[in-house]
Amino acid sequence: MGPGVLVHSRRSREAGAETWLVLAARDAREARKEWAEYGVALLRCWTTFTAVRIPADVVLAAAGTTDRGEVADYLSTALDGGPCFFDGNSRAFYVLTPLSTARRWDVPDTECLGADCYLGVPATTITEPDPRCAAYWVVPMDGPAALCDPGIVRRLVQWGSARRLEAAAEEAGEDA
């Protein structure tokens, strides 16, 4: 690294992302306590971010695999490093996007969580299944306000939906 190059550690980026995320909590201290105790905190969408909920089968079809590591690698590339977490309770992936996404989102098989929606968001340090909660970051936030481009998310969903339809058509052909 040359002079004047500033390098941030993964932990400092996590801390910055955590500080930014708690802006969406009713009570920042309570959110931090929930993250420490339960691994997940309720944050209000449409304060600093919105979240697009994508069914797991759409994401897995897009990735072409069910292997957790391969899905994470795929999503990191497909979302251009944008943040995404998986929630085992809802069997869905949640992609964090800018506030403006909720006003224009119209992609079938998905939902953009806007005003008055609360979302259980895992602690920034939970990047694999954790016994405290059902959610973990598949693609961790790279820092404060580092969100996904909605156009990229749209293309991911369209690709996954097309692959899911192809697989269903192949399966129907095999059964005939």
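Let us look at the structure shown here. Just so we're clear, the structure is a prediction, and the values are computed from it rather than from any experiment.

Scoring rules and cut-offs
- Residues numbered from 1 in each chain as written.
- Predicted model: local features only at pLDDT ≥ 70, side-chain atom pairs only at ≥ 80, totals over all residues.
- Heavy atoms only, no water.
- Buried < 20%, exposed > 50% of the residue type's maximum accessible area, 1.4 Å probe, protein only.
- Helix = DSSP H or I, 4+ residues; strand = E, 2+ residues; numbered from the N terminus.
- Pairing = 2+ DSSP bridges.
- Salt bridge = Lys/Arg side-chain N within 4 Å of Asp/Glu carboxyl O.

Overview of the pairing of strand β3 (residues 84-87)
Burial along β3 is two-sided: the face carrying C84 and F86 and the face carrying F85 and D87 are both buried. Alignment of β3 against strand β4 (residues 92-97), held across 4 bridges, turns out to be antiparallel. Counterpart to D87 in the pairing with β4 is A92. Here β3 folds back onto β4, and the loop between the two strands holds 4 residues, one of which, R91, carries a positive phi near 50°. Alignment of β3 against strand β7 (residues 135-139), held across 4 bridges, turns out to be antiparallel. From the neighbouring strand, C84 faces β7, where its bridge partner is V139.

Considering the pattern of salt bridges
Think of it this way: side chains of opposite charge can pair up when their charged atoms draw near. By the definition in use, this model includes 8 salt bridges. Across the pair R32 and E18 runs a salt bridge, and its minimum N-O distance is 2.5 Å. Of the two residues, R32 sits in helix α2 (residues 28-38) while E18 sits in helix α1 (residues 10-21), which places them 14 residues apart along the sequence. Assessed through its relative accessible area of 33%, R32 is described here as partly exposed. Residue R154 pairs with D106 through a salt bridge whose shortest N-O separation is 3.0 Å. With R154 in helix α6 (residues 150-175) and D106 in the loop between α5 (101-104) and β5 (111-113), the pair connects residues that are 48 residues apart, well separated along the chain. Among the charged side chains, a salt-bridge network with shared partners connects D57, D109 and R164.

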